[in-house]
Amino acid sequence: MSPNDPHAAPPADPAPGPGTGTRPPGRRARWLGTGVALLAVALLCGGAWWLVQRSKAPAAGAGFPAAGGPGGPARPAGPGAGAGGGRAMVTVGQATVRSLRLPVAIEALGTVTPVTTVTLRPQVAGVLTQVLFTEGQMVRKGQVLAQIDPRPFEQALMQAEGTRRRDEAQLENARITLERYRTLLSQDSIARQDVDTQAALVKQLEGTVMTDRAQERTARLNLGYTQVTAPAAGRIGLRAVDAGNYVTTGDTAGIATITQTAPIDVEFTVTQDRVADVQTAATEAGAAGLTVVAKDRTRAQELGQGRFSTLDNLVDTATGTVRAKARFSNADGRLFPNQFVNVRLALREVEALVVPVTAVRTGANGDFVYVINEDRTVTLRKVRRGQSTVEWAAIAEGLQAGERVVTEGGDRLRDGARVQLQGDGAPGAQQGASGRRGRASGASWPAGGPGAPGGEGGGGHRHHGTRAGAEGASAPAAPAASAASSARP
């Protein structure tokens, strides 16, 4: 075949030799790959920055972009705009400063303490034959609660009584003999020494009889101790020993424990700075005493009312507090021994200007409140706080009666901001409900922008629904904006 033949097959590629290989990419390809990677990184960084800025930007009205933002012309700051013009207004709660008789009280954590706590222990050793109480029952003083085997003590009593009678008989005989000796001595028929010896014997037997009588009383007393009685009235606890066990006077646990629950005491602490106030208030109250209220752990339920009793006679140097005690009748048994309660000791009542506790905030320069002006703007004002309760805070300086303060939503405010009061958005909300269909169809368009539904390039019915619905969501601008929307064809 001729090499010039047009139908000849093209020559085959020569086989790669040992010195040949794949051709490396050129410099241009490497620069292109680097540029694409840098562009991707830049796009990712830009997207992250845009998301962060978007999250920090204040939310615009429902269904409309922020004023002056991308996607539409800037919206002028109307009555519904905040202090920043395009920012949404904050809905806040309000309260009026008023004069009130504020109770001055001390709040503390207390412990219910029984007036009497007695451990029921046997006073003689023996076998416990009967347990005559039910765990948890109320017992009266002197009630028999347990019985120890009395037979050994009955025998000891009989023995002591027999010894006493024998010695009394000997004493009687010695006295008769002494009288005879004295008669013979008067007749000079006996020596004086015999008389003196007989008189000493009489005295000796008198001492023996006295000892016998004491031993008899001791034996009788031990026999009585075989009946274990309640030393105080109260509620008896769980028994520590059952019938059939041998009990002794050295048992630390005893048989059971009795606590007196009516009346009952509550112990709490008072800071050393308030000791003078408590003493003054107690002196002024006189015999009536200061009222003390005990509430449960959540402060939701009152457990009882009592009277302040006394303060301790020293200050605890470790805590700087003084122990105090109040007594409660506890007729219904709602206070339980060793129970933790919240104590409120009422000292007196004072006339003061008060606001809700939620209205007072604390900053770097002290306490302050937001005062609501007539034009619905707020002013930050420093105040000096006085006595406080759970609901009210007394304002000693900084406010006047009749002024309005912010109680809720103050964390999002700043000095001079325009606010919306709770309950003012009702008319706008009604119009927003009537234009719900228009808001659903055109909520993503800028208000009044070209091509927006209901705008200059769209149908009039769509514009009315969208406009009214949006202004219903933005409550402060609802009246003016709704009127303008309804006036358009």
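On a predicted model such as this, the values are computed, not experimentally measured, just so you know.

J.: How would you summarise helix α3 (residues 192–225) if you had to cite specific residues and measurements?
T.: It helps to recall that an α-helix has 3.6 residues per turn; residues three or four apart then point in one direction. Between its first and last C-alpha, α3 extends 50 Å over 34 residues, near the 50 Å set by a 1.5 Å rise per residue. Taken together, the buried positions of α3 are occupied by Val195, Gln198, Val202, Leu205, Val209, Asp212, Glu216 and Ala219. In this structure, the buried side of α3 is in contact with α2 (151–186).

J.: I'd like to hear about α2, residue by residue, with values.
T.: When the terminal C-alpha atoms of α2 are compared, their 54 Å separation across 36 residues agrees well with the 52 Å that a helix rising 1.5 Å per residue should span. Among the residues of α2, those classed as buried are Phe153, Leu157, Ala160, Arg164, Asp167, Leu171, Ala174, Thr177 and Leu178. As for α2, its buried residues are in contact with α3. Positioned one or two residues after α2, Asp188 has a phi angle of 60°, which is positive.

J.: Help me get a handle on the sheet that holds strand β6 (residues 144–148), residues and values and all.
T.: Sheet strands pair via backbone hydrogen bonds, and the direction of the pair is either parallel or antiparallel. Reading across the sheet, the four strands line up as β7-β6-β4-β9 and stay open at both edges, with antiparallel pairing between neighbours. Two strands in the sheet have a free side with no partner beyond their single neighbour: β7 (227–229) and β9 (246–247). Bridge count between β6 and β7: three bridges; the pairing is antiparallel. Within β7, the position partnered with Val144 by the bridge is Thr229.

J.: Any details on the sheet that holds strand β8 (residues 234–236)? Residues and values, ideally.
T.: Sheet architecture is open: four strands sit in the order β3-β10-β8-β5, paired in antiparallel fashion. Each edge of the open sheet is held by one strand with a lone partner, namely β3 (117–120) and β5 (138–139). One ladder, built from two bridges, connects β5 with β8; its direction is antiparallel. Bridge pairing links Val139 to Gly234 in β8.

J.: How would you sum up the environment of Leu335? Please name residues and give values.
T.: Tracing the sequence through the fold places Leu335 in the loop between β14 (321–328) and β15 (340–356). Assessed through its relative accessible area of 2%, Leu335 is described here as buried. For the pair Leu335 and Ala262, spaced 73 residues apart in the sequence, the C-alpha separation amounts to 9.2 Å. Beyond its immediate stretch of four places on either side in the chain, Leu335 contacts Val112, Ile264, Val266, Ala294, Leu303, Phe328, Asn330 and Val341.

J.: Describe a nonpolar patch on the surface, listing the residues and the values that go with them.
T.: Taken together, Trp49, Trp50 and Leu51 make up a surface patch of nonpolar side chains, about 400 Å² in accessible area. As for its placement among the helices and strands, Trp49 is situated in helix α1 (residues 27–56).

J.: Kindly report on empty space enclosed by the protein, identifying the contributing residues and their values.
T.: Tallying each qualifying case throughout the model produces two cavities of 30 Å³ or more. Approximately 30 Å³ is the volume found for the second largest cavity. Lining the second largest cavity are Arg235, Thr261, Gly333, Leu335, Phe336 and Pro337. Of the residues in the lining of the second largest cavity, the class split is three nonpolar, two polar and one charged.

J.: Any details on the confidence of the model for the chain? Residues and values, ideally.
T.: Across the chain, the average pLDDT comes to 78, with 74% of residues at or above 70. Confidence drops under a pLDDT of 50 for residues 426–489, and excluding neighbours within four residues, the segment shows 74 contacts in the predicted structure.

J.: Describe in detail the nonpolar core, supporting the description with residues and values.
T.: Nonpolar side chains tend toward joint burial in soluble globular proteins. Of all hydrophobic cores here, the largest spans 26 residues; its most connected members are Phe268, Phe308, Leu335 and Leu345. Where this core is concerned, the elements lending two or more residues are β2 (98–114), β11 (264–271), α4 (275–285), β12 (291–295), β13 (302–311), β14 and β15. Within the second largest apolar cluster, 17 residues are counted, among which are Val124, Val139, Phe153 and Val247.

J.: Talk me through the side chain of Asp167; I want residue IDs and the actual numbers.
T.: Secondary-structure assignment places Asp167 in helix α2. Residues within four places of Asp167 in sequence aside, it is in contact with Thr208, Val209 and Asp212.

J.: Break down the pattern of salt bridges for me, with residues and values.
T.: According to the stated counting rule, one finds 21 salt bridges in the structure shown. A salt bridge links Asp149 to Arg151, with the shortest nitrogen-to-oxygen separation between them at 3.1 Å. The network of salt bridges with shared partners includes Arg164, Glu168, Arg213, Glu216 and Arg220.

J.: Can you lay out the pairing of strand β17 (residues 366–372) for me, pointing to particular residues and giving the numbers?
T.: Residues in a regular strand point their side chains to alternate faces of the sheet. Here β17 lies mainly inside the structure; five of its seven residues are buried. Taken together, the three bridges between strand β16 (residues 361–363) and β17 define a ladder with antiparallel strand orientation. From the neighbouring strand, Thr362 faces β17, where its bridge partner is Asp367. Joining the antiparallel neighbours β16 and β17 is a turn of two residues. Judged from the five bridges that link them, β17 and strand β18 (residues 378–382) form a sheet pairing that is antiparallel. Residue pairing for β18: Phe368 is matched across the bridge by Lys382. Counted between consecutive antiparallel strands, the loop separating β17 from β18 contains five residues, among which Arg376 sits at a positive phi close to 65°. Sheet topology places β17 next to strand β21 (residues 404–408); two bridges connect them, and they run antiparallel. Residue pairing across strands places Ile372 opposite Arg404, the latter belonging to β21.

Quick notes on the rules
- Residues numbered from 1 in each chain as written.
- Predicted model: local features only at pLDDT ≥ 70, side-chain atom pairs only at ≥ 80, totals over all residues.
- Heavy atoms only, no water.
- Helix = DSSP H or I, 4+ residues; strand = E, 2+ residues; numbered from the N terminus.
- Expected span 1.5 Å × (residues − 1).
- Buried < 20%, exposed > 50% of the residue type's maximum accessible area, 1.4 Å probe, protein only.
- Contact = heavy atoms within 4.5 Å.
- Pairing = 2+ DSSP bridges.
- Patch = residues over 30% accessible without salt bridge, like charges linked within 9 Å, V, L, I, M, F, W, Y side chains within 5 Å.
- Areas by Shrake-Rupley, 256 points an atom, 1.4 Å probe, with all protein chains shown as cover.
- Salt bridge = Lys/Arg side-chain N within 4 Å of Asp/Glu carboxyl O.
- 1 Å grid on protein atoms, 1.4 Å probe; cavity = no way out; pocket = protein on both sides within 12 Å on 5 of 7 lines; lining within 4 Å.
- Points joined across faces, edges and corners; volume = space filled by probe spheres on them.
- Nonpolar A, V, L, I, M, F, W, Y, C, P; charged D, E, K, R; others polar.
- pLDDT = per-residue confidence, 0-100.
- Core = buried A, V, L, I, M, F, W, Y, C linked by side-chain atoms within 4.5 Å.

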